[in-house]
Amino acid sequence: MALSRQTTVSSGPPRLVPTAVALALGGLLLGLLLWPGSLWAADVPQRWSLADGQGQRWAVTLFNQPDPAYPEGPRLRVTALAPAAQPGQGPSHTAPLVLRDVFSGSWSLPNVSEELVPPDAAEIPAASAQFGLDGLSGSPRDAGPLRLEIPLAGGATATLVLGPAHTAALVDGIAGA
């Protein structure tokens, strides 16, 4: 007695659906990974915690202005993380912030601290100041450290030094403006 082997033939389309779906998802993920970095920076605020030469800790945030009551564009916000021990040690709400790179470049960022509160609010938080990055001519190089000279309310200056990764993110934010 001979054994016979039965085979089943399917008359439908080949079962490529799982493969096609996997390829489509892979292509989508690859596209998202290759998307320009400056576009990612526009959507997600970048935050760093740094100390100045006096030991004061500062939060530095790079973001796009989300409030439609104010002009669009990239912003840099600095916030003193501990209350100032003396009056006048918080950031100024009127003076510009100065950026300096190691290649003798210098940029002045306009103070837009009024954007920290709604247009009808009266008091700006004493520990924070905000600066506009749009409209700058040229931008710092991302190859070296960058100094942020934060104007203080009492007339002094606090200096923060950004390392290469922070500088590159800031340069991307300026370039995206």
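Preceding this paragraph is the structure being described.
Every value quoted in this text rests on a predicted model; they were computed, and no experiment measured them. (Residues numbered from 1 in each chain as written. Predicted model: local features only at pLDDT ≥ 70, side-chain atom pairs only at ≥ 80, totals over all residues. Heavy atoms only, no water.)

## Here we look at the pattern of salt bridges
Item 1. With the rule as written, the count across this model stands at three salt bridges.
Item 2. The salt bridge partner of Arg75 is Glu115, with a shortest N-O separation of 2.7 Å. Here Arg75 is found in strand β3 (residues 74-80), whereas its partner Glu115 is found in the loop between β5 (106-109) and β6 (128-132), with 40 residues between them in sequence.
Item 3. With a shortest N-O distance of 2.9 Å, Glu149 and Arg100 are connected by a salt bridge. Remark: Arg100 occurs in strand β4 (residues 97-101) and Glu149 occurs in strand β7 (residues 146-151); sequence separation between them is 49 residues.
Item 4. The class for Glu149 is buried, based on a relative accessible area of 13%.
Item 5. Exposure remark for Arg100: the relative accessible area of 34% places this residue in the partly exposed category.
Item 6. In this structure, a network of salt bridges that share partners links the residues Arg100, Arg147 and Glu149. (Salt bridge = Lys/Arg side-chain N within 4 Å of Asp/Glu carboxyl O. Helix = DSSP H or I, 4+ residues; strand = E, 2+ residues; numbered from the N terminus. Buried < 20%, exposed > 50% of the residue type's maximum accessible area, 1.4 Å probe, protein only.)

## Considering the pairing of β4
Consecutive side chains of a regular strand alternate in pointing toward one face of the sheet and then the other.
Item 1. Burial analysis of β4 places four of its five residues in the buried class, which makes it a mostly covered element.
Item 2. Where β4 and β5 come together, four bridges link them in antiparallel fashion. Counted as the bridge partner of Leu97 is Leu109 from β5.
Item 3. From the end of β4 to the start of β5, which pair antiparallel, there are four residues, and Ser104 there has a positive phi angle of about 70°.
Item 4. Relative to β7, β4 runs antiparallel, the two being bridged by four bridges. Looking at β7, one finds that Asp101 is bridged to Leu146. (Pairing = 2+ DSSP bridges.)

## Comments concerning the sheet that holds strand β1 (residues 46-51)
Item 1. An order of β1-β2-β3-β6 is seen for the four strands of this open sheet, with the pairing classed as antiparallel. The two strands at the open ends of the sheet, each matched to only one other strand, are β1 and β6. This sheet shows a mean twist of 20° between the axes of neighbouring strands, independent of strand direction.
Item 2. Bridge count for β1 against strand β2 (residues 57-64) is six bridges, and the pairing is antiparallel. Considered in β2, the bridge of Gln46 is made with Leu62.
Item 3. Contacts from helix α3 (residues 164-175) reach β1, β2 and β3, with the element oriented near 135° to β1. (Axes fitted to C-alpha atoms, helices over the stretch in contact; angles between N-to-C directions. Contact = heavy atoms within 4.5 Å.)

## A short note on the environment of Ala51
Item 1. With respect to the helices, strands and loops of the structure, Ala51 is situated in strand β1.
Item 2. Judged by its relative accessible area of 37%, Ala51 falls in the partly exposed class.
Item 3. If we ignore the near neighbours within four places in the chain, the residues touching Ala51 are Gln56, Arg57 and Leu160.

## Let's talk about α3
Helical periodicity: at 3.6 residues per turn, an α-helix aligns residues three or four positions apart in one direction.
Item 1. Here α3 is 12 residues long and its end C-alpha atoms lie 16 Å apart, about the 16 Å a rise of 1.5 Å per residue gives.
Item 2. Listed in full, the buried residues belonging to α3 are Thr167, Ala169, Leu170, Val171, Gly173 and Ile174.
Item 3. Residues of α3 that are buried make contact with β1, β2, β3, β4, β7 and β8 (157-162). (Expected span 1.5 Å × (residues − 1).)

## As for the side chain of Ser128
Item 1. Within the secondary structure, Ser128 sits in strand β6.
Item 2. Side chain to side chain, Ser128 and Thr79 meet in a polar contact 2.8 Å long. (Polar contact = N/O pair within 3.5 Å; in protein donor to acceptor, adjacent residues only side chain to side chain.)

## Considerations on the sheet that holds β4
Item 1. Taken in spatial order, the four strands make up an open sheet running β5-β4-β7-β8, and their pairing is antiparallel. The sheet is open, and its two borders are formed by β5 and β8, each paired with just one other strand. Recorded for the sheet is a direction-independent mean angle of 20° between the axes of neighbouring strands.
Item 2. When β7 meets β8, the two strands line up antiparallel, connected through six bridges. Each residue of the ladder has a partner; that of Ile150, found in β8, is Ala158.
Item 3. α3 contacts β4, β7 and β8 of the sheet and is inclined by roughly 100° relative to β8.

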